[in-house]
Amino acid sequence: MGALERLAELGLELPDVVPPLAAYQPAVRAGDVVWTSGQLPIRDGSLVTTGKVGDGVPDPQGAALVPPGEAAELARLCALNALAAVASQLRDGETLDDVRVVKVVGFVASDPAFTGQPAVVNGASALLGEVLGEAGTHARSAVGVAVLPLDAPVEVELQALVTSRDR
């Protein structure tokens, strides 16, 4: 079963590439390597939710916290958007079945007391494994940050290698 069939089995489809929010490209290819820009949890042109990720009581200013489980689902969406960006860089005859994810970096806008960034970014890692199988396993960093663009709770970028099945 190929990557697109696995997506369909998961009830997903590859979305359109999220247009850049500033002066950058969603993905760049050099040779057989594709780097994506950071992908936010955007669906149908809109950020799904905003805020900091955390457990417990919101800060005194009343900003709501995004629960870690919800943030992991948002990381899945970020990874799906990243796969769309990678797919936009594929050449004639290449498919997602030719993609090997090498590195994932996940940024989690974190409440100061929150230390569960790896569990949040697991949402992205799990999706990549479900869609690409062994080719979706990767090295990874999960980083807590104070704030992300548009007040997004999570952002994911990846590096991928495009290989030929004929090599």
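Right, let's walk through the structure included here. Since the model is a prediction, treat every value here as computed from it, not as a measurement.

So, the overall build of the protein chain
Now for step 1: Helices and strands together make up the secondary structure of the protein chain, namely three helices and nine strands.
Now for step 2: Along the protein chain, helices and strands appear, N-terminal first, in the series α-β-β-β-β-β-β-α-β-α-β-β.
Now for step 3: Against the compact-globule benchmark of 15 Å for 167 residues, the protein chain has a radius of gyration of 16 Å, which places it among compact chains.
Now for step 4: With respect to the principal axes defined by its C-alpha atoms, the protein chain has extents near 60 × 30 × 25 Å.
Now for step 5: Of all 167 residues assigned to the protein chain, the portion counted as buried reaches 41%.

Quick look at the sheet that holds strand S7 (residues 99-109)
Now for step 1: Taking strand neighbours across the sheet as the criterion, the five strands line up as S1-S2-S9-S7-S8 in an open arrangement whose pairing is mixed. In this open sheet, the two strands that pair with only one neighbour each are strand S1 (27-30) and strand S8 (139-145). The mean inter-strand angle of the sheet, taken between neighbouring strand axes irrespective of direction, is 15°.
Now for step 2: Where strand S2 (residues 33-36) lies against strand S9 (residues 154-162), three bridges are found, and the strand directions are antiparallel.

Examining the environment of Ala79
Now for step 1: With respect to the secondary-structure elements, Ala79 resides in helix H2 (residues 68-87).
Now for step 2: Note: C-alpha distance between Ala79 and Pro41 (38 residues apart in sequence) is 8.6 Å.
Now for step 3: Contact partners of Ala79, with chain neighbours within four places excluded, come to Ala124, Leu127 and Leu128.

Examining helix H3 (residues 117-132)
Now for step 1: Taking 1.5 Å as the rise per residue, H3 with 16 residues should run 22 Å; its terminal C-alpha atoms sit 23 Å apart, in good agreement.
Now for step 2: Bending of H3 peaks at approximately 30° at the position of Gly123.
Now for step 3: Taken residue by residue, H3 has Gln117, Val120, Val121, Gly123, Ala124, Ser125, Leu127, Leu128, Val131 and Leu132 as its buried positions.
Now for step 4: In the stretch just after H3, Gly133 is the one whose phi turns positive, near 65°.

A short note on the packing of H2 against H3
Now for step 1: For the pair H2 and H3, the least separation of the axes is 7 Å and the interaxial angle reads 45°. Considered as vectors, H2 and H3 are oriented oblique to each other. Crossing hand, H2 versus H3: right-handed. Listed contacts from H3 to Pro68, Ala71, Ala72, Ala75, Arg76, Ala79, Leu80 and Leu83 of H2 are Ala119, Val120, Val121, Gly123, Ala124, Ala126, Leu127, Leu128, Glu130, Val131 and Leu132.
Now for step 2: Class assignment of the residues belonging to the contact of H2 with H3 gives a composition of 16 nonpolar, one polar and two charged.

Some remarks on the pairing of S2
In summary, the side chains of a regular strand alternate between the two faces of the sheet.
Now for step 1: Every second residue of S2 is oriented toward a common face, the buried set being Val34 and Thr36 and the non-buried set Val33 and Trp35.
Now for step 2: By the bridge criterion, four bridges tie S1 to S2 in an arrangement that is antiparallel. Note that in S2 the partner of Ala27 across the bridge is Thr36.
Now for step 3: The turn joining S1 and S2, which pair antiparallel and follow one another in sequence, is formed by two residues; a positive phi near 65° is taken by Gly31.

Focus on the side chain of Gln39
Now for step 1: Residue placement: Gln39 occurs in the loop between S2 and strand S3 (42-43).
Now for step 2: By relative accessible area, Gln39 is classed as buried at 4%.
Now for step 3: Within the structure, Gln39 has its side chain in polar contact with the backbone oxygen of Ser37 (distance 3.2 Å).
Now for step 4: If near-sequence neighbours (up to four positions away) are discounted, Gln39 is found in contact with Val18, Pro26, Cys78, Asn81, Ala82, Ala85, Val154, Glu155 and Val156.

Rules of the game
- Residues numbered from 1 in each chain as written.
- Predicted model: local features only at pLDDT ≥ 70, side-chain atom pairs only at ≥ 80, totals over all residues.
- Heavy atoms only, no water.
- Helix = DSSP H or I, 4+ residues; strand = E, 2+ residues; numbered from the N terminus.
- Rg over C-alpha atoms; globule rule 2.2 N^0.38 Å.
- Buried < 20%, exposed > 50% of the residue type's maximum accessible area, 1.4 Å probe, protein only.
- Pairing = 2+ DSSP bridges.
- Axes fitted to C-alpha atoms, helices over the stretch in contact; angles between N-to-C directions.
- Contact = heavy atoms within 4.5 Å.
- Expected span 1.5 Å × (residues − 1).
- Bend = angle between axes of the 7 residues up to and from the residue.
- Parallel < 35°, antiparallel > 145°, perpendicular 65-115°, else oblique.
- Left-handed = near helix turned anticlockwise from the far one by under 90°.
- Nonpolar A, V, L, I, M, F, W, Y, C, P; charged D, E, K, R; others polar.
- Polar contact = N/O pair within 3.5 Å; in protein donor to acceptor, adjacent residues only side chain to side chain.

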